Amino acid sequence: MKVLYATSECAPFAKTGGLADVLAALPKTLAARRGVSIRLVMPLYGSINPSWRAKMKFVKYIYISLAWRNLYCGLFEMKKDGVVYYFIDNEYYFKRSEIYGHYDDGERFAFFCKAVTDLLPQLDWTPDVVHVNDWQTSLIPIYIRRARAGDPLYDSIKTVLTIHNIEYQGRFGAELADELFALPASLVDDGTLRYGTGISLLKGAIECADWVTTVSPSYADELQFPFYAHGLEQVIKNNSDKLTGILNGIDTKLYDPQTDPNLAHCYSPETVVDKVYNKLDLQQILGLNQDESIPIVAMVSRLVEHKGLDLVAASLDSIMEMPIQFVVLGRGDWHFEQLFANAQNNFSGRLSANIMINFGLAMKIFGGADIFLMPSQAEPCGLSQMMALRYGVVPVVRETGGLRDTVAAYNTETGEGAGFTFANYNASDMVQTLQQAISTYNDRETWLTIQKRIMSLSFDWTEPAAKYMALYRQLTGKR
Ligand code: GLC
């Protein structure tokens, strides 16, 4: 089985979110299997660390024609962990400090997608499956389908699209279909690309890919409803016979409280009481009052509304009336950043606002915190709650998407469950659930039992990788 992954981000080369972690782990896990050959292609961003850049080898260059443009495309490669990584070079498009957020993102990723499609016959290797991710690579299954008509090479390739978040769709004006993406008006007229009066590249990929996956079974179900589907509920319903939800994993070697070098004190499920040393360390680093018995509630998140920040903003005062300390880490919308920065002054010694992205600090927070708050409006999968579980930080989550699939609700009667959950997107339900978690925290025996249990849950990539493999086999009929 030969699989080519196409992505706009992949750790450690370029990362803005969970997509990069998935693309760092899944290809590597599959590459370790016998008889499997895995490659991955991504843009050669200017922001990629020079030490990686130095390890890349120039392969060739070609010219890409896209609408009226004729564009240079360099190809670099690097082998790592059994995977061949390809990097698409065009300095005009990719030598910029940020990977997204430019006025011409549509044009940049159209170039990338056309380059990947045109390179397929130029490699010394033809994939059985091209697996694309989110809107940035959504043009690939559309271009491949158009290239198929009679071309045996493209005919032999199956395409898979994974939706990591349906909110970001690559929506553009309909006039750009031809002008920018070199796609005929017929694809707009027949509805393949049409979204309202414009087009959605993700929609086009849902229509054109041979299979569509998303990152949890619950999110796959939720996508049939307008609240979650951002206008694509009908196209999801029409394509439900080729849609499956496969839960992501996490890198359990990287995220391991028994070996994590960021922790003041490593611990295992058996020694989870030792988390207290990490708590004291965290309190000292963040300028919180040192108190080993007070529960620390933590959020490590993008500070945006769909992560549930509006619920937290609306109830911050009631949250801070509880006997807790509150730690926030992340960046996002200006008004949420400001809210926490101000709250740090108002609740000095009890609230720590870290408006930044900082991997080492994130791990220290998982090491020292007791409760992890993640009240997302929608959560396709979510990786932080799995990290929290692994570090014995009990999650308080809304029952949605991957949160629902990874955090079984604690049952006071039977004592079973992994965290505290609420169903409706509503600030008072969240506050009540948090209160329930805090009163359970005070019952030390019960709390320790929950911590031991959640630390022993397994979220590594073995099972998800096997599911993807089964899907590729079913699609291609190959081993
Ligand atoms: C997106 C989703 C998140 C998911 C990640 C990886 O960032 O919002 O829920 O975990 O992709 O699939």
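Everything below is about the structure printed above this text.
Worth saying up front: this structure is predicted, and the values here are computed from it rather than measured. (Residues numbered from 1 in each chain as written. Predicted model: local features only at pLDDT ≥ 70, side-chain atom pairs only at ≥ 80, totals over all residues. Heavy atoms only, no water.)

J.: Which residues make up the sheet that holds strand β8 (residues 171-173), and what are the values?
T.: The antiparallel open sheet is built from three strands, whose spatial order is β8-β10-β9. The open sheet is flanked by β8 and β9 (194-195), the only strands paired with a single partner. As judged from the two bridges shared by β9 and strand β10 (residues 198-200), these two strands associate in the antiparallel manner. Its bridge partner being in β10, Arg194 is matched across the sheet by Ile199. On the sheet, helix α9 (residues 201-208) packs against β8, β9 and β10 and is oriented at approximately 55° with respect to β10. (Pairing = 2+ DSSP bridges. Helix = DSSP H or I, 4+ residues; strand = E, 2+ residues; numbered from the N terminus. Contact = heavy atoms within 4.5 Å. Axes fitted to C-alpha atoms, helices over the stretch in contact; angles between N-to-C directions.)

J.: Hey, could you go over the sheet that holds strand β18 (residues 420-422) for me, with residue numbers and the actual values?
T.: Pairing is parallel in the open sheet, where six strands are placed in the order β15-β14-β13-β16-β17-β18. Either end of the sheet is taken by a strand with one partner, and the two such strands are β15 (351-354) and β18. Taken pair by pair, the neighbouring strands of this sheet meet at an average axis angle of 15°, ignoring direction. Sheet topology note: the strand β14 (residues 325-329)/β15 ladder contains four bridges and is parallel. By the bridge assignment, Leu329 is partnered in β15 with Asn354. The strands that helix α14 (residues 309-321) touches are β13 (296-300), β14, β15, β16 (371-374) and β18; relative to β14, the one it contacts most, it runs at about 155°. The strands touched by helix α19 (residues 427-441) within the sheet are β13, β16, β17 (394-398) and β18, with β18 carrying the most contacts at an inclination of about 165°.

J.: Describe the nonpolar core, listing the residues and the values that go with them.
T.: Phe87 and Tyr472 are the most contacted members of the largest nonpolar core, which has 99 residues in total. Broken down by element, this core gets its largest block of residues, eight residues, from helix α4 (residues 105-119). Residue contacts for Tyr472: discarding those within four places in its chain leaves Met1, Val3, Tyr5, Leu30, Val129, His131, Val160 and Gly477. With 72 residues, the next largest nonpolar core counts Leu288, Val327, Leu403 and Met430 among its residues. (Core = buried A, V, L, I, M, F, W, Y, C linked by side-chain atoms within 4.5 Å. Buried < 20%, exposed > 50% of the residue type's maximum accessible area, 1.4 Å probe, protein only.)

J.: Give a detailed account of the pairing of β17, specifying residues and quantitative values.
T.: For β17, the tally of buried residues reaches five of five residues, placing the bulk of the element in the interior. Along β17, one buried face is formed by Val394, Val396 and Arg398 and the opposite face, lined by Pro395 and Val397, is buried too. The pairing of β16 with β17 spans four bridges and is classified as parallel. Bridge pairing links Leu373 to Val396 in β17. Tracing the backbone out of β16, into helix α17 (residues 384-390) and back to the parallel element β17 gives a crossover that is right-handed. A crossover links β17 with its parallel partner β18, the connecting element being helix α18 (residues 401-406), and its sense is right-handed. (Right-handed = clockwise from strand over helix to strand, strands pointing away.)

J.: How would you sum up the side chain of Lys242? Please name residues and give values.
T.: Note that Lys242 resides in the loop between α12 (233-238) and β12 (243-245). Within the structure, the side chain of Lys242 is placed 3.2 Å from the backbone oxygen of Glu207, a separation counted as a polar contact. Separated by 2.6 Å, the side chain of Lys242 and the backbone oxygen of Ala209 make a polar contact. Among all residues touching Lys242, those that are not within four sequence positions of it are Ile206, Glu207, Cys208, Ala209, Asp210, Trp211 and Val212. (Polar contact = N/O pair within 3.5 Å; in protein donor to acceptor, adjacent residues only side chain to side chain.)

J.: An account of the environment of Lys237 is needed here, citing residue identities and associated values.
T.: In this fold, Lys237 is placed in helix α12. Considering only alpha carbons, one finds Lys237 and Leu223, 14 residues apart in sequence, at a separation of 8.3 Å.

J.: I'd like a rundown of the site of the ligand, residues and numbers included.
T.: In the neighbourhood of the ligand, the contacting residues comprise Gly18, Leu19, Val22, His164, Asn165, Val215, Asn248, Glu379, Pro380, Cys381, Gly382 and Leu383. Side-chain polar atom of Asn248 to an oxygen atom of the ligand: 2.9 Å apart, as the coordinates give it. Contacts to the ligand include Cys381, whose backbone N or O atom sits 2.9 Å from an oxygen atom. Grouping the constituent residues of the shell around the ligand by class yields six nonpolar, five polar and one charged. (Near = heavy atom within 4 Å. Nonpolar A, V, L, I, M, F, W, Y, C, P; charged D, E, K, R; others polar.)

J.: A description of the packing of aromatic side chains should follow, citing residues and the corresponding values.
T.: With the rule as written, the count across this model stands at 26 aromatic pairs. Measuring from centroid to centroid gives 5.4 Å for Phe58 and Phe76, while their planes differ by 70°, and the two rings are edge-to-face. With Phe58 in strand β3 (residues 57-66) and Phe76 in strand β4 (residues 69-80), this residue pair connects regions lying 18 residues apart in the sequence. By relative accessible area, Phe58 is classed as partly exposed at 42%. Cluster of aromatic residues (ring-pair linked, three or more members): Tyr45, Tyr92, Tyr93, Phe94, Tyr100, Phe109, Phe111, Trp135, Phe172 and Phe181. The lysine or arginine in question, Arg53, covers the ring of Phe76, its NZ or CZ lying 4.8 Å from the ring centre. A cation over an aromatic ring shows up here: Arg96 above the ring of Tyr92, its NZ or CZ 5.7 Å from the ring centre. (Phe/Tyr/Trp six-rings, centres within 6.5 Å; stacked < 30°, edge-to-face > 60°. Lys NZ or Arg CZ within 6 Å of the ring centre and 35° of its normal.)

Coordinates in, geometry out; function isn't part of it.
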